[in-house]
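Observations on chain architecture
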Amino acid sequence: MSTPANPNSALMTPAAAAAAAPSPYLENVVFDELTVGRTASLTRTLTREDILLFARVSGDVNPAHLDEDYAKTNLFQGVIGHGMWLGGLISTVLGTIMPGPGTIYMGQDLKFKKPVRLNDRIMVTLCVRERRSDKPIVTFDCRCVNQSGETVLEGTSTVLAPTERVRRPRPEMPDVEISSHDHYHAIIESSRKLEPVTTAVVHPVESHVLTAVADAARERLMIPILIGPRQRIVTAANQAGVDISGWKLIDAEHSHAAAAAAADLAAEGKADTIMKGSLHTAELLDVIAPTSSRLHTGRKFSHAYVMDLPGYHKLLLVTDAVVNVEPDLPTKVDICQNAINLWRVMFGTEKKPNVAILSAVDITTPKLPTTLDAATLCKMADRGQITGAIVDGPLAIDNALSAQAAMDNGVDTPIAGDTDILMFPNMEAANIMARRLAFFGHSDAAGVLLGVRVPVLLPRPTDNLRTHLMSCALAMMLAKARREGKIK
């Protein structure tokens with residue numbers, strides 16, 4: 001989220017907005033100029049982002065401010081802003097307008113008269129009440145009024161006023177990104193209504209794996225079956241401080257044997273999901289991916305990350321960043337359908353997801369074969385060979401995620417700015433983007449292997465608790481859908 005210099009400028013005429021635009025300089029009002037009755041004011045609208053930022057900075061996560069369901073039941077019957085957000089606006093006037101730079105805040109006495117609700121437009125007015133004759137100390141009357149003319153706060157503030165003139169360039173407002181992970185929370189909470197799934201954990205011989213398993217078991221997202229060298233698993237559990245005495249443990253000599261045992265359990269219906277432990281993804285895939293495997297569905301395997309991106313209005317699926325290195329057209333059909341099926345399991349069938357088939361350009365050209373594949377996939381979707389989604393491409397990623405970018409670039413697509421699934425042309429491009437979003441974009445990335453008879457989790461050591469629980473929630477939902485015959 002970028003905080004604009006004047007958050008209320010959208011409510012003004014162009015002329016008024018230009019007149020209200022802040023000066024590029026901060027200039028103070030010195031003590032001698034602070035005559036009794038002199039006033040200064042600013043206007044600010046309370047947004048959801050303001051509440052989240054204040055909660056992050058202050059640590060005040062009172063559910064009256066952050067939990068809409070709880071807030072509906074309290075005295076005010078809805079989310080309200082933090083009271084000291086108003087105090088912060090008073091501080092803004094004192095520090096940047098009157099007296100301005102050089103002011104030292106000494107004290108305040110505030111009375112909160114009414115709550116401030118989302119989208120309330122607050123005018124803060126300060127008026128010089130009195131000034132000391134022996135020291136440059138000034139007391140201001142403070143009043144905050146909402147758009148209905150109701151006083152929401154009144155009181156006084158006392159400052160040590162500057163005596164020397166200060167004129168400095170106005171610092172630029174910092175850009176701030178907010179990630180509240182509300183989308184993840186909704187999916188995890190909905191999965192709590194389901195029964196925990198029996199999960200074959202392959203070769204869990206490192207402490208971080210068992211810690212993740214314990215977290216998921218504690219949240220009733222899985223019932224673990226540990227498969228691997230018994231002594232190494234016990235040693236890792238002791239290092240992690242995890243009690244595994246209540247879990248089934250199957251002794252397997254090495255990682256390959258553990259993968260084979262897990263595949264057998266899943267094929268026999270004794271495990272609902274498989275989770276990768278301390279072995280390479282390729283080793284697990286070597287066991288379950290061959291067409292002779294009893295876990296094969298006839299469709300190519302693919303992987304999807306479900307990503308919670310700061311600044312994007314909903315969860316976004318990224319595919320395939322793990323399995324198919326340079327997929328041909330038939331494989332791309334399966335990758336696309338697998339991701340669509342996952343989305344429909346997560347969100348239902350009432351609405352079709354928007355799928356963007358990505359390339360470097362938005363036109364079809366023989367010079368870039370990925371654009372030809374994209375156009376073919378779109379036509380296959382039109383003809384019912386890919387079902388349950390609106391598919392468009394080729395699209396560059398900016399035009400897929402931003403309606404403004406598509407407009408500026410002259411790209412006419414119905415899914416611009418509202419994409420649900422990003423399908424990349426190859427694994428390398430998808431993997432680089434997924435990692436970039438995770439590490440530099442501060443996005444969570446829950447992942448699951450699709451097209452298998454049971455969902456397969458491929459966690460990374462860097463996954464945080466929220467990401468790991470989300471992955472387990474996805475596995476639960478997929479396992480239920482498969483049991484009910486909604487997906488094959």
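Residues numbered from 1 in each chain as written. Predicted model: local features only at pLDDT ≥ 70, side-chain atom pairs only at ≥ 80, totals over all residues. Heavy atoms only, no water.

**A look at the pattern of salt bridges**
- Evaluation of the coordinates by the stated rule reveals 22 salt bridges.
- The partner of R167 in a salt bridge is E27, with the nearest N and O atoms 3.6 Å apart. With R167 in strand 7 (residues 167–169) and E27 in strand 1 (residues 25–27), the pair connects residues that are 140 residues apart, well separated along the chain.
- For E27, a relative accessible area of 41% translates into the label partly exposed.
- For D215, the salt bridge identified is with R218, shortest N-O distance 2.8 Å. Here D215 and its partner R218 are both found in helix 7 (residues 207–218), three residues apart, which amounts to about one turn of the helix. (Salt bridge = Lys/Arg side-chain N within 4 Å of Asp/Glu carboxyl O. Helix = DSSP H or I, 4+ residues; strand = E, 2+ residues; numbered from the N terminus. Buried < 20%, exposed > 50% of the residue type's maximum accessible area, 1.4 Å probe, protein only.)

**Regarding the layout of surface pockets**
- Here the second largest pocket defines a volume of roughly 630 Å³.
- Residue lining of the second largest pocket: 32 residues in total, with K276, L458, P459, R460 and P461 positioned closest to the centre.
- Of all the secondary structure elements, the ones that give two or more residues to the lining of the second largest pocket are helix 7, strand 11 (273–276), helix 10 (281–288), strand 12 (302–308), helix 15 (427–439) and helix 16 (465–483).
- Top element by residues in the lining of the second largest pocket is helix 7. It accounts for five residues.
- Considering only residue class, the lining of the second largest pocket consists of 15 nonpolar, 11 polar and six charged. (1 Å grid on protein atoms, 1.4 Å probe; cavity = no way out; pocket = protein on both sides within 12 Å on 5 of 7 lines; lining within 4 Å. Points joined across faces, edges and corners; volume = space filled by probe spheres on them. Nonpolar A, V, L, I, M, F, W, Y, C, P; charged D, E, K, R; others polar.)

**Considering the confidence of the model for the chain**
- The predicted model of the chain averages 90 in pLDDT, with 94% of residues at 70 or higher.
- Of the regions scoring below 50 in pLDDT, residues 1–19 engages in 24 contacts with residues more than four places distant in sequence or in other chains. (pLDDT = per-residue confidence, 0-100. Contact = heavy atoms within 4.5 Å.)

**Details of unusual backbone geometry**
- Note the cis peptide between T319 and D320, where omega equals -10°.
- In this structure, D320 sits in the loop between strand 13 (316–319) and helix 11 (329–347).
- Unlike most non-glycine residues, R220 shows phi in positive territory, near 60°.
- Using a relative accessible area of 47% as the deciding quantity, one classes R220 as partly exposed.

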